[in-house]
Structure formats: structure tokens, C-alpha cells
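Examining the three-dimensional arrangement
One letter stands for each residue in the lines below.
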Amino acid sequence: MGTEATLEEAARRIAAADRVLLSTHVSPDGDGIGSGLGLALGLAALGKEAVLHMADPVPGYLGFLPGQERVRSGGANDESWDVLVTLDCGEWERLGEAPGDRALMGTVINLDHHRSNEHYGDLDVIDPAASATGLMAYHLLRELAAPVGAEAALCLYTAIATDTGFFRYSNTDVATFEAATELVRAGASPYAVHHALHENNPPSRLRMMGEGLRRLAFYAGDRIGMIALDSEAFAAADATAEDAEGLVDLPRSVASVEVAVLLRPTPEGTAFKVSLRSKKQVDVSQVAEQFGGGGHARAAGCRLDGPLDQARDRLVAAIQKELNRAG
């Protein structure tokens, strides 16, 4: 258990550092990578050495983000750093091997907005009210009086936009819009982000959507909508795991659905990655935590061992209990 800290305290520790390592969770997403790259660019503008080291590479759909010369992926860090800032990661283990030996880090700053965070840092800066870790990263740069140029602004805007469903989810608040406005003033282009993420799909992505819709099933009086993908679905679509990102929004769009679920195989093929989304009533982090996962009230995730039919049945039963509790 670390020490609860404020952004101001984290900024003081970073200000005193020369070398800052950044990292985020395995299977990194827009919030983790956008936060990491935005911070790396902002810290570099202050004259600090800053690197984003992750267990997995930047996914192709985020290849448009600048600053990727500062990214390292795969393998374990073997260098000493004054500070490690972990981003959007609720558990130390979810960083994978990227940080390497913790003894190489002077201070570990855990920057996150997940309520389920395990407080593993030397300084834990956890704000469940923040709509995105990218929002916290932006305010951290402001505490440091770091210049936020157009490239850093684009990364941070992407982090915030992707974690708020492009400002549509219930976590979007005034502070989110204020930060987005400031980032656009700094040079971030909302259209560039929208185009890269929503108007740039490969054909395999649409084929994967078709396979997902073919497998869409409803439970609990149509209050649960679930897409359960297996290896055959990916083979039929000639698609990759990246093509399945965001498919949970398909069942979420159905009027009667309160909880939307997406299951897809893990790389080793022996388990399933689960994405959970809800609208108003069910706290899906409570469901995810039952299976060793976590997240937010309206967006959470976990991992379940197969086979697929058993994983599906366990999820439906757990969600049904939460629906009954919600009334």
C-alpha cells in the first residue's frame, strides 16, 4: 500500500527528476497510450528524458499519434529511472514485464482513474471522478508548468476522447469539455482524431462487425446483449483482435439493453477477454471484480477461462444478479 497523493505532490517529485519512465497496461488503449505519449512529449519539452515502455506495441489504429519515437515495447526495462509513472493501470501485474525490476525505480507514481485501483505506487494519485487518465495527465503537465504543444495536445485529446466515447458517456463532465477546449486551442484537431479512429477502417473490421452481429444474443428479457466471438469468427472475417475493438457498442445501442458484453479469445486461445458496458443502472465493475477484473461503473473488463459456453453462462448469471439488485 502506497501513499495517497495529489497531482501537486506528484508534480513536485517529477520536477526533481531527470529521467522519467512511463508505462501502461497490457493490451494498451487510447487512454493509456495517449496519456503516456502526451506526458512524454510534455516532459521532454521541460528537458527531461522521458520514455513510454509497454509490454505490448502500439495498436495499428493508434499509429497516427505523434511521439512514437519515444515508445519501447516488449521485454523488461533494465535501466535506472528517477521516476516511473504508471498510467491507467489498476494493478502492478497488468503492466506485464515492461517496468522490469522495481528496485530500478526511484519513485513509482500510480496515476489512474479506476475505483478498483490496488494502490501499488509509492505515490497513488487516484481520481475515480476523472473521466480519463488523459485528463489527469493534462492537469499534471499544467502543475509542472510544462509547455503543451500541438503534438502533446493531440495525444491527450485522443486519450480523453476515446475514454469518454467521444464525449458521449456519462463520465463526460464540464472539466472534460474544458480540458478538451484547451487542448484544441493548443493544436489538437478533433477531426484528425475522428478520421483516424472512425473513418479509417480496413475491410476486415467491417467483416468482423458482421460476424459479431451474427453472434449477437440477448438474455434477461433483452436487458443483456452479448457478442461472444470464437476463433472461427476471426477466421471467417479474416480479421485480427484489433478488428474486434469497440464491438461491445453494438449491443449497447439496443434500446432494451442495460448491460452489453463482448467476449473474444485471448492470444493464447485458452481464455476470453471480456468487455462490459452499462447504461444507467448496473455497476459493471461489480461484475468484473467477481472474476478478478475491475474498472468503472459503466465500463469494466475481466478475463474468463473457457470453454466459451461456460464463460458466457457464468457472465449471464452474474449480470442477472446485478440486474435484479438494481431493480
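Everything that follows concerns the structure shown earlier in this document.
Residues numbered from 1 in each chain as written. Predicted model: local features only at pLDDT ≥ 70, side-chain atom pairs only at ≥ 80, totals over all residues. Heavy atoms only, no water.

Attention now goes to the sheet that holds strand β13 (residues 299–305). Spatially, β8-β9-β10-β11-β13-β12 is the arrangement adopted by the six strands of the open sheet, whose pairing is mixed. Edge strands, defined here as strands with exactly one partner in the open sheet, are β8 (216–219) and β12 (294–295). Bridge count between strand β9 (residues 224–228) and strand β10 (residues 259–265): five bridges; the pairing is parallel. Bridge pairing in β10 links I224 to V259. (Pairing = 2+ DSSP bridges. Helix = DSSP H or I, 4+ residues; strand = E, 2+ residues; numbered from the N terminus.)

Taken in spatial order, the seven strands of this open sheet run β1-β7-β6-β5-β2-β3-β4, and their pairing is parallel. Looking at which strands have only one partner, the edges of the open sheet turn out to be β1 (3–4) and β4 (71–73). Note that β1 and strand β7 (residues 123–126) share two bridges and pair parallel. Each bridged residue has a counterpart across the sheet, and for E4 the counterpart in β7 is D124. Strand contacts of helix α2 (residues 30–45): β2 (19–24), β3 (49–54), β4, β5 (81–87) and β6 (105–112), with the helix running at about 165° to β3, the strand carrying the most contacts. Packed on one face of the sheet, helix α3 (residues 133–143) meets β5, β6 and β7 and runs near 125° to β6. (Contact = heavy atoms within 4.5 Å. Axes fitted to C-alpha atoms, helices over the stretch in contact; angles between N-to-C directions.)

When two helices pack together, their arrangement is given by the angle between their axes and by how far apart the axes lie. It is at 8 Å that the axes of α2 and α3 come closest, and there the two elements cross at 10°. With respect to α3, the axis of α2 lies roughly parallel. Residues D31, S35, G38, L39, G42 and L43 of α2 form the contact with α3, whose participating residues are T133, G134, A137, L140 and L141. Classifying every residue of the contact of α2 with α3 gives five nonpolar, five polar and one charged. (Parallel < 35°, antiparallel > 145°, perpendicular 65-115°, else oblique. Nonpolar A, V, L, I, M, F, W, Y, C, P; charged D, E, K, R; others polar.)

Attention now moves to the pairing of β10. Across the seven residues of β10, six count as buried, placing the element largely inside the fold. Across seven bridges, β10 lies against strand β11 (residues 271–278) in antiparallel orientation. Within β11, the residue paired with P265 across the bridge is F272. Counting the residues that bridge the hairpin from β10 to β11 gives five residues, and of these G269 lies at a positive phi of roughly 80°. (Buried < 20%, exposed > 50% of the residue type's maximum accessible area, 1.4 Å probe, protein only.)

A word on the pattern of salt bridges. Under the counting rule described, the total for this entry stands at 14 salt bridges. We note a salt bridge from E245 to R264, for which the minimum N-O separation is 3.4 Å. With E245 in the loop between α8 (231–237) and α9 (249–252) and R264 in strand β10, this residue pair connects regions lying 19 residues apart in the sequence. Taking relative accessible area as the criterion, E245 reaches 30% and is therefore assigned partly exposed. Using a relative accessible area of 5% as the deciding quantity, one classes R264 as buried. When salt bridges that share partners are traced, they join R19, E49, R72 and E79 into one network. (Salt bridge = Lys/Arg side-chain N within 4 Å of Asp/Glu carboxyl O.)

This next bit is on the pairing of β9. As a general feature of sheets, a regular strand has side chains that alternate between the two faces. Among the five residues that make up β9, five are buried, leaving the element largely enclosed by the rest of the structure. Across four bridges, the pairing between β8 and β9 is antiparallel. Looking across to β9, one finds that Y219 is bridged to I224. Turn length for the β8-β9 hairpin, with the two strands adjacent in sequence and antiparallel, is four residues, and the turn residue A220 shows positive phi of about 55°.

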